[in-house]
Each structure stands twice: as structure tokens, then as C-alpha cells.
Amino acid sequence: MRLLWFLIFTFFSFKGSFGLDTFKVIPVKTQIQVQVSGQVESGKQCAITSKTEGYFHSFVSVGDRVKIGQVIGSFKNEFLDSNIQSTVKRIEITQTEIQNLTKKLENYENLYNLGLASKNDILDIKNSISLKKSELETLKAQLKTYSIQKSNFKLFSNCEGYILNIVPEGQYVTVGTPIATVYNQNSNFLYLYVPVEYLNLIKSKKVLSAKLNDDLITLNVKEIVPVSEGNLVKVKTYSEKVIDLPLNYRQSITLYIDGLSGFKIPKKSLVLEDKGFFVFKVSNGKELKEKVNVMKDEGDFVIVSGNLKDGDEVKVK
């Protein structure tokens, strides 16, 4: 029976206006399996971690009770403030230089038309403009990084309870440093140490699917925080199901993360050219050439992304 349904599906998928020469694309969503390490920690304590660097000044002390969202301290970093000011000035100077070079280019193009300047003169100015624009983009990226660090100068508590310990007043700390430990009465949490390259795929997720000791579990995401060493992010999760692991014991866990969306098409529908892969989309007897990106090879089929939608048909060679 399964074979019969497969043959029927294949027949209608490939059947087009010219016979068996088109295939109706199949929308798919790729799923990535990522091996991470997990560690169970007591929910009765949680850490408030720095998201910037500088000299820490505390607004609370050991024994004080704090609430979620309460400001418990601030950072001071005169070096960062100086970097912001100097970067802003360098951006202004570079923008002025680009404006002056642009005017100079216009002048030299006029001189070239009069036979008083060479092509090399114009090329040199264009190269200078290009270098200055690259320098401007780098400076803007630096300023954005500095601004993000400065926006985290106020330290907010991410949990509720009593302060058990806190770093000494005036100590210099870096990103990811635990600033304070807070005692609360929540249940245990499972912390996942995930490679940072998967951050964009999980940072908007409220729920993650995982496999632990051959058991499928659902993990509710509470928080994502940086760690001070390694190319990792620390994802704080909890499960309605009891996790049978000793406290602070590291365990390998498989995460199932939804990847990029795409379309499944026969490999024979791909056309390789100098600029990449293309397909011919068939509609009302007409063929429209569309560029696609191959995301995954599945033997006779491939998963692609591009200007396709559910219901489109592509030509099969």
C-alpha cells in the first residue's frame, strides 16, 4: 500500500503540461541536531552576570532581598567612554574626508575631459574614497559595540531572593563575570552550553526539543547569558519532567533546532551556470529562470531556497 501511494505521489508530482517534465516543489523546514553539554544546577541559587566590563559599584549588599528587574549596581569605564568619544570624532573626520575626496573626484573628472588629468589620477582618488568608506564602516561597527557595552552599565537582577555573595566594591570585571549569587526557591534548572553559531536559531525560541539519555524532553527557555570562556552561550532551561541527573554533573544532550526553510526539488531540475544554480519555473506553458541556493543534498533531491513558493512547478531535465 505504501509503495502504491508513493507511485501515485511521484506520478502527480512530475506530471506537467508537457508530460512528466515538471515537479511541484515541496515546502520543507530543515532541522539541525546539535550535540551540547548540559548541567543541572539548583534553582535555589541563581547568578547575576555582567554583560559589560568596567569597575563595579554595588547598590546592595549580602543579605539584602532583591526582585527581578531591580538595579543592583552599575559599572564605570572611563576607557570605554574615551573610546566612544574618540570614535565619534574619527567618524566625523572620515565623513568629511569622503566629502572632500568626492568633490576632488568631480574636479579631476572635469580636468580629465579637458586633457589636464590622467585616468590614474582618477583611479587613485576612487581608491582613496573606497578605503575611507571601508574605514567608516569599521568605525561605525566599533561605535555600535561600545554603545551596547555602555547600555549595560546598569546591572539588573534576573532573579528574586536574598543576596548570598557579591563581588567587592570597585572590582574590575569583564563580560560574563558572575557578579552576585541570589538565593530563591525555584526548582532545579538545566543549563545548556551551546556553540555561539547557533545563537540566532535559538534566541527567539521559548521552547526547545531535546533528547537526554534516549528520552525526548521539552525544555522551556528562561534566559540566555554569555560565558566568560569558550565560544559558547549558556542557555538556562527547565522541564516539567523531572531530570534525573546529579547536580553539577555534565551530560551530553541532543538539541533539535529548526533550521532554514526551503523547498525540496529533484536534483535533475538544477541548472549549473557560472553564477550558481538555477531552475526553470513553469507557469501557463512559460518558463521563468530563477536563481536558487542549495542548502542540503538528499541524493536524487536537494533542498533549496530562492524565489519559490508552495504550488510552483519546476522543469525537470
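Residues numbered from 1 in each chain as written. Predicted model: local features only at pLDDT ≥ 70, side-chain atom pairs only at ≥ 80, totals over all residues. Heavy atoms only, no water.

1. Brief notes about the sheet that holds strand 4 (residues 54–58)
Here we have four strands laid out as an open sheet, ordered 7-6-4-9, and antiparallel in their pairing. Among the strands making up the open sheet, the edge pair consists of strand 7 (154–156) and strand 9 (172–173). (Pairing = 2+ DSSP bridges. Helix = DSSP H or I, 4+ residues; strand = E, 2+ residues; numbered from the N terminus.)

2. Brief notes about helix 2 (residues 78–113)
What sets the pattern is the α-helix's 3.6 residues per turn: residues three or four places apart point alike. Taking 1.5 Å per residue as the helical rise, helix 2 with its 36 residues ought to reach 52 Å, and the 53 Å between its terminal C-alpha atoms agrees with that figure. Among the residues of helix 2, those classed as buried are Leu 80, Asn 83, Ile 84, Thr 87, Ile 91, Thr 94, Ile 98, Leu 101 and Leu 105. In this structure, the buried residues of helix 2 make contact with helix 3 (119–151). Between a side-chain oxygen at the N-terminus of helix 2 and the backbone nitrogen of Phe 79 the separation is 3.2 Å; the capping residue is Asn 77. (Expected span 1.5 Å × (residues − 1). Buried < 20%, exposed > 50% of the residue type's maximum accessible area, 1.4 Å probe, protein only. Contact = heavy atoms within 4.5 Å. Polar contact = N/O pair within 3.5 Å; in protein donor to acceptor, adjacent residues only side chain to side chain.)

3. Topic: the side chain of Thr 237
Secondary-structure assignment places Thr 237 in strand 14 (residues 232–238). A distance of 2.7 Å separates a polar side-chain atom of Thr 237 from the backbone oxygen of Leu 190.

4. Overview of the confidence of the model for the chain
For the chain, per-residue confidence averages 84 on the pLDDT scale, and 89% of positions sit at 70 or higher. In the model of the chain, helix 1 (residues 2–14) stands out as the element of lowest mean pLDDT, 43, in contrast to strand 4, which has the highest, 95. Within the model, the stretch residues 1–20 combines pLDDT values under 50 with 19 contacts to residues more than four positions away or in other chains. (pLDDT = per-residue confidence, 0-100.)

5. Observations concerning unusual backbone geometry
Although it is not a glycine, Asn 213 sits at a positive phi angle of roughly 50°. Here Asn 213 lies in the loop between strand 12 (207–212) and strand 13 (215–226). With a phi close to 70°, Asp 214 is a non-glycine residue in the positive phi region. Residue Asp 214 is classed as exposed on the basis of its relative accessible area, which comes to 72%.

6. Here's the deal with the environment of Glu 78
Within the element layout of this structure, Glu 78 appears in helix 2. On the basis of relative accessibility, which here comes to 56%, the residue Glu 78 falls in the exposed class. For the pair formed by Glu 78 and Tyr 55, sequence separation is 23 residues and the distance between their alpha carbons is 9.3 Å.

7. Overview of a nonpolar patch on the surface
A surface patch of nonpolar side chains, about 310 Å² in accessible area, is lined by Leu 111, Leu 114 and Leu 116. Within the secondary structure layout, Leu 116 lies in the loop between helix 2 and helix 3. A relative accessible area of 61% places Leu 116 in the exposed class. (Patch = residues over 30% accessible without salt bridge, like charges linked within 9 Å, V, L, I, M, F, W, Y side chains within 5 Å. Areas by Shrake-Rupley, 256 points an atom, 1.4 Å probe, with all protein chains shown as cover. Salt bridge = Lys/Arg side-chain N within 4 Å of Asp/Glu carboxyl O.)

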